[in-house]
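A structural walkthrough
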Amino acid sequence: MALYDSADLLQRLRDLLGRPTTDAIFTDALLYRFLTQAEAEVKSEVATHHPHGMWSAPVIMTTADSKVYTLGGSVTEPLRLLLLESLTGQPLKPGPFWDPESDYVWEGGNTIRITAGRTRTFASGPYARVVTAPTTINATTSSTVDPDRLRILLVYKAASFAARRGGGIQEPQYFDDAYDQAAWGTPGTGNVGLLGALKKADVRGGLASIEGGGFKYWKPLG
């Protein structure tokens, strides 16, 4: 068992619920399902506010017709998507299909389409960076939320799901409050929570937004 791996999260969840290791009601399989459901919600929240540690390395996309491009590997339905003309090129601009001023429209699954029915080729690209979809947590698969310390939020969220199921444990609001305090802190105390602290760690990170950037006209790209 390593800190914040799946076995550690399972034990933390049992401790929080006050359940024994051998439990006929809250079995390992059931608690892992709660942790998986928690992973889906927590990773989406983290990806919205602090995706930095979860971005993948750039991977080149493939195409058969220069109209539809496919993400590499087995990536599908990523939580965040950033496309680049090349490893040194500009970001591609997402938009509606009818807009020729945009570069692509996301079609879901693992594909994009060049807008306005056009074709487009790339000398070396395009490349995609993604935040992958939440995983299924079980005895051999750990959470993909990063940084690892944020995974304690899965325990509070999963405990809330367990409380809603019943079984004579506490009200779900107790665990919901614990989640909110751990994630976002306590107003008026200076405690900004785990997510609040990460947002403060890179106060100018928003300047990396692809909508607000720009390249010097004299700087070669490609």
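Before going into details, it helps to say that this report is about the structure given with it.

Parameters and conventions
- Residues numbered from 1 in each chain as written.
- Predicted model: local features only at pLDDT ≥ 70, side-chain atom pairs only at ≥ 80, totals over all residues.
- Heavy atoms only, no water.
- Helix = DSSP H or I, 4+ residues; strand = E, 2+ residues; numbered from the N terminus.
- Buried < 20%, exposed > 50% of the residue type's maximum accessible area, 1.4 Å probe, protein only.
- Contact = heavy atoms within 4.5 Å.
- Areas by Shrake-Rupley, 256 points an atom, 1.4 Å probe, with all protein chains shown as cover.
- Lys, Arg positive; Asp, Glu negative; His and termini not counted.
- Charge placed at Lys NZ, Arg CZ, Asp CG, Glu CD.
- Phe/Tyr/Trp six-rings, centres within 6.5 Å; stacked < 30°, edge-to-face > 60°.
- Lys NZ or Arg CZ within 6 Å of the ring centre and 35° of its normal.
- Expected span 1.5 Å × (residues − 1).
- Pairing = 2+ DSSP bridges.
- Core = buried A, V, L, I, M, F, W, Y, C linked by side-chain atoms within 4.5 Å.

1. Looking at the overall build of the chain
- Along the chain, the regular secondary structure elements total five helices and seven strands.
- Its C-alpha atoms give the chain principal-axis dimensions of about 65 × 40 × 30 Å.
- Looking at the 222 residues of the chain, the share that counts as buried comes to 39%.
- Partitioning the intrachain contacts of the chain with sequence separation of at least 6 by distance along the chain shows that 63% fall at a separation of at least 24.
- For the chain, the exposed surface amounts to about 12000 Å²; the carbon and sulfur share of it is 53%.
- Computing the positive centroid from 22 side-chain charges and the negative centroid from 23, the chain places the two 4 Å apart.

2. Observations regarding the packing of aromatic side chains
- Applying the stated rule across the entire model yields two aromatic pairs.
- Seen in terms of ring centroids, Tyr69 and Phe122 are 5.6 Å apart; in terms of plane orientation they differ by 85°. Their pairing is edge-to-face. Note that Tyr69 is positioned in strand S3 (residues 68-70) and Phe122 in the loop between strand S6 (111-114) and strand S7 (127-131), a separation of 53 residues in sequence.
- Taking the relative accessible area as the measure of exposure, Tyr69 reaches 3% and is therefore buried.
- For Phe122, a relative accessible area of 16% gives the class buried.
- Their ring planes at 85° and their centres at 5.1 Å tell us that Tyr174 and Phe175 sit as a pair that is edge-to-face.
- Since its relative accessible area comes to 48%, Tyr174 is described here as partly exposed.
- Across from the ring centre of Phe26, 5.7 Å away, lies the NZ or CZ of Arg165, which sits over that ring.

3. Details of helix H2 (residues 28-49)
- Taking 1.5 Å per residue as the helical rise, H2 with its 22 residues ought to reach 32 Å, and the 31 Å between its terminal C-alpha atoms agrees with that figure.
- Burial in H2 covers these residues: Leu30, Leu31, Tyr32, Phe34, Leu35, Thr36, Ala38, Glu39, Val42, Lys43, Val46 and Ala47.
- If you follow the buried residues of H2, they end up packed against helix H1 (6-17), strand S4 (80-84), S7, helix H3 (152-165), helix H4 (172-184) and helix H5 (193-201).

4. Looking at the environment of Leu82
- Mapping Leu82 onto the fold places it in strand S4.
- The class for Leu82 is buried, based on a relative accessible area of 19%.
- Here the alpha-carbon distance between Leu82 and Tyr104, two residues 22 residues apart in the chain, equals 11 Å.

5. As for the sheet that holds strand S2 (residues 62-63)
- Read across the open sheet, the four strands follow the order S2-S3-S6-S5; overall the sheet is antiparallel. Both edges of this open sheet fall to S2 and strand S5 (104-106), since each of them pairs with a single strand only.

6. Section: the nonpolar core
- Leu13, Leu17, Phe34, Leu35 and Leu154 are the most contacted members of the largest nonpolar core, which totals 36 residues.
- Of all elements in the fold, only H1, H2, H3, H4 and H5 reach the threshold of two or more residues within this core.
- In this view, Leu35 contacts Leu9, Leu10, Leu13, Ile137, Leu154, Val155 and Ala158; residues no more than four positions away in its chain are not counted.

7. What about the environment of Leu79?
- Checked against the element boundaries, Leu79 lands in the loop between S3 and S4.
- On a C-alpha basis, the gap between Leu79 and Val155 in space is 21 Å, while along the polypeptide they are 76 residues apart.

8. Observations regarding the sheet that holds S7
- Across the sheet, three strands lie side by side as S1-S7-S4; this open sheet has antiparallel pairing. Single-partner strands in this sheet number two, and they are strand S1 (59-60) and S4.
- In this structure, S4 lies alongside S7, joined through five bridges in antiparallel fashion. Counterpart to Leu84 in the pairing with S7 is Tyr127.

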